[in-house]
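# Breakdown of the fold
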Amino acid sequence: KATVSVLNWRTFTTHLVFYTMGLLKNLDPLLTADLLHVLRSMGHGDVLAIVDCNFPAAAVATKTTTGKHIQLHCDLPTAIDAVCSLMPLDFFADQQAATMGPQAGCEKPPAGLEVERDALAAIRKHCDGAVVGSVDRFKFYDDARAAYAVVQVMERRPYGNILMPKGVIGPDGKDLKPSSQV
């Protein structure tokens, strides 16, 4: 029994350190080395797909530019918060992000509306004035296949999926916006 307790304690402390303490200052510990590399490698207009735990992420990721399927152990709004703390969104596009919507003839359930609202709040925390649209479920799958990479999170609410095109960082270190939006 003592051995099991020691192993459980070691597992607990390893997870506690890994998930709550970053190795770099001012960097969200959710941002893994793989994700940081993807974010840095993306260019203006490249799209990051952040998807829920029910999304066929492994299969879709094989079709992306990098073939990367990155997994994060958090919900969608938390992942968006971490990503948007570093990645600018594309304010030169009509929409700065797009959520997955239901196919024709279906409605988004209340939990889907909730996750969409929480995702929008996470985006606006870092990107004031961001416009978030919605795309049909099947178009979302196609758009995710054309993305740069797929990040899968542990979001269990339905429709917890979003596409975010990378923007440009301006001289002030913030998301660059066309002069008409400033």
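Position numbers for residues count from 1 along each chain, tracking the sequence in the order it is written. For a predicted model such as this one, the threshold for reporting local features is a pLDDT of at least 70, and the threshold for listing and counting side-chain atom pairs is 80 or more; totals across whole chains, interfaces and linings nevertheless cover every residue. Where side-chain values are given, they derive from all heavy atoms of the structure, hydrogens and water being excluded.

## Here we look at the environment of Leu 72
Numbering of helices and strands starts at the N terminus; helices are DSSP runs of H or I of at least 4 residues and strands are runs of E of at least 2. Locating Leu 72 in the fold gives a position in the loop between β2 (69–71) and α4 (76–84). Exposed residues in this analysis have more than 50% of their type's maximum accessible area, buried residues have under 20%, and partly exposed residues fall in between, with area computed by a 1.4 Å probe over protein chains only. Taking the relative accessible area as the measure of exposure, Leu 72 reaches 3% and is therefore buried. Sequence spacing of Leu 72 and Glu 155 is 83 residues, and the spatial spacing of their C-alpha atoms is 9.8 Å. Filtering out sequence-adjacent residues up to four positions away, Leu 72 remains in contact with Leu 30, Thr 32, Leu 35, Ala 79, Val 151, Gln 152, Val 153 and Met 154. Two residues qualify as a contact provided that any one of their heavy atoms is within 4.5 Å of a heavy atom in the partner residue.

## Re the pattern of salt bridges
Salt bridges are defined by distance alone: a side-chain nitrogen of Lys or Arg within 4 Å of a carboxyl oxygen of Asp or Glu. Across all of its chains, the model carries nine salt bridges by this definition. Taking the shortest distance from any N to any O, the salt bridge between Lys 68 and Asp 34 comes out at 4.0 Å. In this pair, Lys 68 sits in the loop between α3 (57–61) and β2 while Asp 34 sits in helix α2 (residues 33–41), placing the two residues 34 residues apart along the sequence. For Asp 34, a relative accessible area of 43% gives the class partly exposed. The salt bridge partner of Arg 157 is Glu 114, with a shortest N-O separation of 3.3 Å. With Arg 157 in the loop between β5 (149–152) and β6 (162–165) and Glu 114 in helix α5 (residues 110–126), the pair connects residues that are 43 residues apart, well separated along the chain. For Glu 114, a relative accessible area of 34% corresponds to the partly exposed category. By sharing partners, the salt bridges in this structure join Glu 114, Arg 117, Asp 118, Glu 155 and Arg 157 into a single network.

## Observations regarding the packing of aromatic side chains
Only rings of Phe, Tyr and Trp enter the pairing, Trp through its six-membered ring, and a pair is recorded when the two centres are within 6.5 Å. The plane angle decides the type: under 30 degrees is stacked, over 60 is edge-to-face, the rest tilted. As enumerated under the stated definition, the model contains three aromatic pairs in all. Here the aromatic rings of Phe 55 and Tyr 141 are separated by 5.2 Å at their centres, their planes lie at 35°, and the arrangement is tilted. Placement of Phe 55 in the loop between β1 (47–51) and α3 and of Tyr 141 in helix α6 (residues 137–145) is noted, with a sequence separation of 86 residues between them. Each member of the pair, Phe 55 as well as Tyr 141, is classed as buried. Judged by centre distance (6.2 Å) and plane angle (55°), the rings of Phe 138 and Tyr 141 are tilted.

## Concerning the packing of α4 against α5
Helix axes are fitted to C-alpha atoms over the stretch in contact, other axes to C-alpha atoms as well, and angles between N-to-C directions run from 0 to 180 degrees. Direction vectors running N to C along α4 and α5 enclose 15°, while the axes themselves pass 8 Å from each other. Here α4 is positioned roughly parallel relative to α5, judged by the angle of their axes. Helix-helix and strand crossings are classified by hand; for α4 and α5 the assignment is right-handed. Where α4 abuts α5, its residues Leu 76, Pro 77, Ile 80, Asp 81 and Cys 84 lie against Val 115, Asp 118, Ala 119, Ala 122, Ile 123, Lys 125 and His 126. Classifying every residue of the contact of α4 with α5 gives eight nonpolar, one polar and three charged. Convention used here: angles under 35 degrees read as roughly parallel, angles over 145 as roughly antiparallel, angles from 65 to 115 as roughly perpendicular, and any remaining angle as oblique. Crossing handedness: left-handed means the near helix sits turned counterclockwise from the far one by under a right angle, and right-handed means the same turn made clockwise. Polar here means any residue outside two lists: the nonpolar Ala, Val, Leu, Ile, Met, Phe, Trp, Tyr, Cys and Pro, and the charged Asp, Glu, Lys and Arg; Gly therefore counts as polar.

## Things to note about the confidence of the model for the protein
Residues with a pLDDT of 70 or more make up 86% of the protein, whose mean pLDDT is 90. Scored between 0 and 100, pLDDT is the confidence that the predictor attaches to each residue. Under a pLDDT of 50 for its full length, residues 1–6 has, in the predicted model, zero contacts with residues more than four places off or in other chains.

## So, the sheet that holds β2
We treat two strands as partners when DSSP finds at least two bridges between them. Strand order in the open sheet made by the six strands is β2-β5-β1-β6-β3-β4, with mixed pairing throughout. Either end of the sheet is taken by a strand with one partner, and the two such strands are β2 and β4 (132–136). Each strand axis lies, on average, 25° off the axis of its neighbour in the sheet, ignoring direction. Here β2 runs beside β5; their pairing, made up of three bridges, is parallel.

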